[in-house]
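# A closer look at the structure
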Amino acid sequence: MSTDVLVVGAGPTGLLLAGDLARAGIDVTVLERRAPGISNLTRAFGVHARTLEELDARGMADALVATGSPIGALRLFGHAQVSLEHLPTRFPYVLMTPQYQTEKLLQAYAEKNGVQFEHDAAVTALTQDADGVTARCADGREFRARYLVGTDGVHSAVREALGLPFPGESVVASIMLADVRLAEPLPDGVLAVNATDAGFAMVVSFGDGWFRVMCWSRDGQRADDVPVDLDELRATVRAVHGTDFGLHDPRWLSRFHSDERQVPQYRVGRVFLAGDAAHVHSPAGGQGMNTGLQDAANLGWKLATAVHGRLPAARTEELLDSYQAERHPVGEQVLKSSGNLVRLAMASSAPRRAARAVLATVIGRIAPLRGKFSGAVSGVGIAYAAPAGSHPLAGKRAADYPLDDGRLYEALRTGAFVLIGATAPGVTCAAWAPGFEAPAPAVLVRPDGYIAAAGTPAEVLAALPAWTA
Ligand SMILES: Cc1cc2nc3c(=O)[nH]c(=O)nc-3n(C[C@H](O)[C@H](O)[C@H](O)COP(=O)(O)OP(=O)(O)OC[C@H]3O[C@@H](n4cnc5c(N)ncnc54)[C@H](O)[C@@H]3O)c2cc1C
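The model shown is predicted, which means the values in this text are computed figures rather than measured ones.

### Digging into the overall build of the chain
Across its full length, the chain holds 12 helices and 25 strands. For 469 residues, the compact-globule estimate of 2.2 N^0.38 gives 23 Å, and the chain sits close to it at 23 Å. Across its three principal directions, the C-alpha atoms of the chain cover 65 × 60 × 40 Å. In the chain, which comprises 469 residues, the share counted as buried stands at 54%. Within the chain, contacts between residues separated by at least 24 positions form 69% of all contacts whose residues are at least 6 apart in sequence. Accessible surface, the chain: about 18,700 Å² in total, of which carbon and sulfur atoms supply 55%. Averaging the positions of the 43 positive and the 49 negative side-chain charges in the chain gives two centres separated by 3 Å.

### Some words on the site of the ligand
By nearness alone, 34 residues border the ligand, and Glu32, Arg34, Asp276, Met289 and Asn290 come closest of all. Backbone polar atom of Phe45 to an oxygen atom of the ligand: 3.2 Å apart, as the coordinates give it. Side-chain polar atom of Gln99 to an oxygen atom of the ligand: 3.0 Å apart, as the coordinates give it. Contact with the protein chains hides 91% of the accessible area of the ligand, taken as 1,000 Å² for the molecule alone. The set of elements that each furnish at least two residues to the shell around the ligand consists of α1 (12-23) and α7 (288-308). Grouping the amino acids of the shell around the ligand by side-chain chemistry returns 15 nonpolar, 13 polar and six charged.

### Notes on the pairing of strand β10 (residues 133-137)
Counting buried positions over the five residues of β10 gives four, a clear majority of the element. Bridge count between strand β9 (residues 123-128) and β10: five bridges; the pairing is antiparallel. Bridge pairing in β10 links Val123 to Cys137. Note that β10 and strand β11 (residues 142-150) share four bridges and pair antiparallel. Bridge assignment links Thr134 to a residue of β11, and that residue is Arg144. Hairpin connection, β10 to β11: the antiparallel pair is bridged by four residues, and Gly140 has positive phi, about 95°.

### With respect to the domain arrangement of the chain
When the domains of the chain are assigned, the result is domain 1 (3-45 + 99-166 + 263-344), domain 2 (168-260) and domain 3 (402-468). Domain 1 and domain 2 are separated by 30 Å when their C-alpha centres are compared. Between domain 1 and domain 2, the residue contacts involve 14 residues of the former and 16 residues of the latter. Carbon and sulfur atoms supply 65% of the area buried between domain 1 and domain 2, which totals about 1,100 Å² over both sides. The largest contributions to the domain 1 side of the interface with domain 2 come from Phe45, Pro283 and Arg343, which together make up 42% of the buried area. At the boundary of domain 1 and domain 2, one finds two salt bridges. As a salt-bridge pair, Arg343 and Glu260 come within 3.2 Å of each other at their nearest N and O atoms.

About the criteria used
- Residues numbered from 1 in each chain as written.
- Predicted model: local features only at pLDDT ≥ 70, side-chain atom pairs only at ≥ 80, totals over all residues.
- Heavy atoms only, no water.
- Helix = DSSP H or I, 4+ residues; strand = E, 2+ residues; numbered from the N terminus.
- Rg over C-alpha atoms; globule rule 2.2 N^0.38 Å.
- Buried < 20%, exposed > 50% of the residue type's maximum accessible area, 1.4 Å probe, protein only.
- Contact = heavy atoms within 4.5 Å.
- Areas by Shrake-Rupley, 256 points an atom, 1.4 Å probe, with all protein chains shown as cover.
- Lys, Arg positive; Asp, Glu negative; His and termini not counted.
- Charge placed at Lys NZ, Arg CZ, Asp CG, Glu CD.
- Near = heavy atom within 4 Å.
- Polar contact = N/O pair within 3.5 Å; in protein donor to acceptor, adjacent residues only side chain to side chain.
- Nonpolar A, V, L, I, M, F, W, Y, C, P; charged D, E, K, R; others polar.
- Pairing = 2+ DSSP bridges.
- Domains from an automatic or database assignment.
- Buried area = accessible area lost by both parts, 1.4 Å probe.
- Salt bridge = Lys/Arg side-chain N within 4 Å of Asp/Glu carboxyl O.

As structure tokens, this is what we get:
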């Protein structure tokens, strides 16, 4: 074996996964097609609350928040919006910051924990057997490991080498992207986004004087290889926002189409898929990178447990299979919700447009609907299925509980399970903060911030060997 785990692709998903594995003492090598110093293309700007909580559990959230601007509401159609301010989290907003800021932090996290990077390493083929996986690169180099994770994006070579289908369809064609300067300020300095009968347009600040424009015109459907014309971009933004903000001097213009696809299997033997390699959907709702990062947070500790051989073989297999069981339904849900948003934004018939207007008002004003929508988009509402008969908290997201010497997401920074209200070796033990009305006398929290078991201390201690021996 050249290493314990190979991670193919150093995008946000691969960087977080590799960093988590290395933090757990696993040997990890990242194989990246790009040459050293060439950065990934920034596409994502919105970092949602649940992702910020996962970064908080690794001590990175405050540094990322310092790079961007918090936006306290999700803007929908015709200026309707859904407030995020009631979300039960330290981060009741969506943080607008360019993807390269997130990747910079994740790169530093991976390097600090000792991840090895191989650049100019485009994986083209894989073979696996009972003991491990061998990856072959375009230049003939071969790497072998006990497990391999494909985080190599939407055109994943790993997914292809596994022979897996990527079923779905194209949802929006002819979306224009551009990086420009503005002559006029945005109304709030950071973000302008709206969808109208003319199309949709988002203008967001990089924070350094450049702005990203993403827009779509109902009247301007062109093939991906038709160059974007500055006047076409201006006219689309103007038709949606009433102004083009004096956009000028583009440094980059591009046109793309957006697909909605999900791989049916996230695991084939010793090989896993995560991030865009497993699921892709329209940018509506800004959830792609967020979902990939949460895939990584879910898989990292499970793979680390398997490599360390901490659990009996059958339970290890069950834990590795739980990655598919937990994350595939989340991916499916994200495809559905972002698909609904983009189809409503593009609605052309009068009844659909009327439905859009009603929906936007209703979601924004009726508290349970608003809560469900914002919980889904922010990720704060995500929960995993637990076995029948489990405590009602099992599988739920753990809130940032106050502890007698801090708070839960600080205690999670060791990368280990956190046991609150009882003590046992091999886990981080904590006590509830005095006066806090605990949801159960004892709670066992997984390294990804979801509840493994809850109940009396004796019940939780009895559950411990199934998770961490
Ligand atoms: C216009 C637009 C706007 C978006 N806005 C948002 C947003 O606001 N919020 C959000 O959460 N998401 C957003 N997304 C989605 C987000 O950008 C992606 O989901 C995210 O980048 C996926 O991360 P990843 O690490 O899974 O894959 P990628 O970022 O695609 O990284 C894959 C990596 O693998 C490498 N690679 C590829 N093939 C190979 C190979 N064969 N061998 C080795 N390495 C390889 C690549 O060089 C790359 O470094 C947006 C997407 C688009 C198109």
